[in-house]
Each structure stands twice: as C-alpha cells, then as structure tokens.
Amino acid sequence: MAGSGENEGGGGGGGGGAAAANLEVGRAERAVWLLKVPTVVGQSWQQQQDASNTLARVSLSLDPLNSDPQSAVQFSMTLVEKEATTAPKAFTLNFTKDLVPMHIFSETPQGRVAVEGKVEHKFDMKPTNMGNNDEAYRKLCRDRLNKSMLKTRTTQVLQNDRGGYMRPMPMEAWPVSASKDSKKKIAPGAIKAPEGKRIRKERGELEDIVFKLFERRPNWALKQLVEETDQPVAFLKEILNDLCMYNKRGANQGTYELKPEYRKNATEDVKPAV
C-alpha cells in the first residue's frame, strides 16, 4: 500500500514532460492511493521533514453483515503529532473508485523520472467527532474563510515622485480625432453641451435672463431661446409658460412674447441712460 498526497497528484503532469529515455516504468502497474489532504494537515506534514517519523495511522473496519462491499469497509485515520495543535487529529476516509485514470510520477534532482504506480482509490479526509475541540475546529474554519476573502494589496514606490505625469492634460493637448467633423476648428466658447448634458440654472436666475432677452427684442422662437440660455427645453418651456404668451397665428406665429403684466414691469424697470 502506497500513499500519495494531493501535491504529488498535481505534479504528475510535470513528470510526463521528461524525455522518454529517462522514464522508469517498472512500477507503473503498482496500486497506489490518492489522498486529498486538508491544507492544515498538509502544512503540518511538511514541517516534519524526518522520513522516519510516522505521520498517521490508518485503520480499517469491516462489517460482515453488510452486503454492500463498498459501504461494508470503513477507513479512518489518526494523526500522530508530538506537538499540540488546533487541527483535528481524527478523520474518516471516504474513498471512491470512480475517478479519471491517472498515474503517480516522481522526479529526482538529477532529472530522473519514474512512474510510481497507478491510482486505484481516491480518498477524501473528513474530520470525525471533535469532542472538546469542536469550537477550536470551527474557529479554524472561520479564520480560513476570512483569510480567503481578504484582498491582498501591494505598495509600489514611484520613481518619479514629483507627480507631474499624473496631472491631467489640458484640453489643448488632447489628441484630435481624424474624423471629418473634428477637422473643423471650433472657436472657444462656441461649444455647446448636448441636450442631455445641459445643467439647469436656478429658477430666479433663468427668469432674469429671459427678461433681459425680451428687452433686446419682443419676440423669440423656442429654438433661439434654447441657444441663448443653454437650458434644457422642458425646464425652459416651464419658465416661458409662466412669463410669456405663445403666438399660434398672425405675423409673429411660432414665437413667444412677454405677458402684458411682465412687459409693463420690465419696461418700468428699464432706466433711461443719463
């Protein structure tokens, strides 16, 4: 009976990449077990470098009254550790034969690769009744979960600590698209934000602007007022409905003009130049 850790099973693909002339296949048909070891147990075993140490003891129990050959056989494992640890020491080994065919490889520091055997059973370790150590094991699981959820952050020292390259470029330094529309030079201040991007002014501020526009001329079309005020159409029409009348016919059809009460107030507010 040969045991194989989880790491050895993962390293089998690496051994297969060696040259065929260096591959030993004398033990290729030897039956071995593939054991999936919990991280805490694997770390404990790695700390015990002495090959003469006994890492664990495997026990087999057989129920002669059970007709199912797989459930009649039960495997258990007890860890042998000299130092006290919070890890569980008793495990139940759940095994299965339904697995992908695989072999175990080994490689020496000199590059010699050998097939150590063919995986016959795969075992999963499950902690048994912990008794007084139940709370310690639950704490171990919680710490492991919290650690896996933490995001690792790294700190990098910048060579150019003046930070000049981190400042955003001015508008004049931005690359210009090669499209036909972008080839036309637009004078500063002539750029208008799209309709969806217009920012609403305060209501009182917009009313003052509308009164000043009607001091310049008595009639305005909605499109002209939108261009002059640079306000959203819906908000501007709300102000115009309160202050103006809309001409549906006549010589000024399709334009707005101030209501008589506002027109009178606006005229009185205008002081003659001295």
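Remember, it's a predicted structure, so these values are computed and weren't measured experimentally.

Calculation criteria
- Residues numbered from 1 in each chain as written.
- Predicted model: local features only at pLDDT ≥ 70, side-chain atom pairs only at ≥ 80, totals over all residues.
- Heavy atoms only, no water.
- Helix = DSSP H or I, 4+ residues; strand = E, 2+ residues; numbered from the N terminus.
- Buried < 20%, exposed > 50% of the residue type's maximum accessible area, 1.4 Å probe, protein only.
- Contact = heavy atoms within 4.5 Å.
- Areas by Shrake-Rupley, 256 points an atom, 1.4 Å probe, with all protein chains shown as cover.
- Core = buried A, V, L, I, M, F, W, Y, C linked by side-chain atoms within 4.5 Å.
- Axes fitted to C-alpha atoms, helices over the stretch in contact; angles between N-to-C directions.
- Parallel < 35°, antiparallel > 145°, perpendicular 65-115°, else oblique.
- Left-handed = near helix turned anticlockwise from the far one by under 90°.
- Nonpolar A, V, L, I, M, F, W, Y, C, P; charged D, E, K, R; others polar.
- Polar contact = N/O pair within 3.5 Å; in protein donor to acceptor, adjacent residues only side chain to side chain.

A. Focus on the overall build of the chain. In terms of helices and strands, the chain carries 10 helices and 10 strands. Counting all 274 residues of the chain, 22% fall into the buried class. In the chain, the proportion of contacts linking residues at least 24 apart, taken out of those at least 6 apart, comes to 59%. Element-wise, carbon and sulfur atoms account for 53% of the exposed surface of the chain, whose accessible area totals about 21000 Å².

B. Focus on unusual backbone geometry. The phi angle at Asp230 is positive, at roughly 55 degrees, despite the residue not being glycine. The class of Asp230 is partly exposed, set by a relative accessible area of 26%.

C. Geometry of the nonpolar core. Residues Val210, Phe214, Leu225, Leu236, Leu240 and Cys244 are the most contacted members of the largest nonpolar core, which totals 15 residues. Residue contributions to this core peak at five residues, all from helix H9 (residues 233-243). Excluding anything up to four places from it in sequence, Cys244 contacts Phe214, Tyr256, Glu257, Leu258 and Lys259.

D. Quick peek at the packing of helix H8 (residues 222-229) against H9. Where H8 contacts H9, the two axes come as close as 11 Å, and the packing angle between them is 110 degrees. Here H9 runs roughly perpendicular to H8, going by the angle between their axes. Read as a crossing pair, H8 and H9 show a hand that is right-handed. Along its contact with H8, which presents Leu222, Leu225, Val226 and Thr229, the element H9 presents Val233, Leu236, Lys237 and Leu240. Here the residues of the contact of H8 with H9 are counted per class, giving six nonpolar, one polar and one charged.

E. Quick look at the environment of Thr229. Positionally, Thr229 belongs in helix H8. For Thr229, a relative accessible area of 4% gives the class buried. A sequence separation of 20 residues divides Thr229 from Ile209, and the C-alpha atoms of the two residues are 7.4 Å apart. Every residue in contact with Thr229, bar those within four places of it in the chain, is listed here: Lys201, Leu206, Ile209, Leu213 and Leu236. A distance of 2.7 Å separates the side chain of Thr229 from the backbone oxygen of Leu225, its partner in a polar contact.

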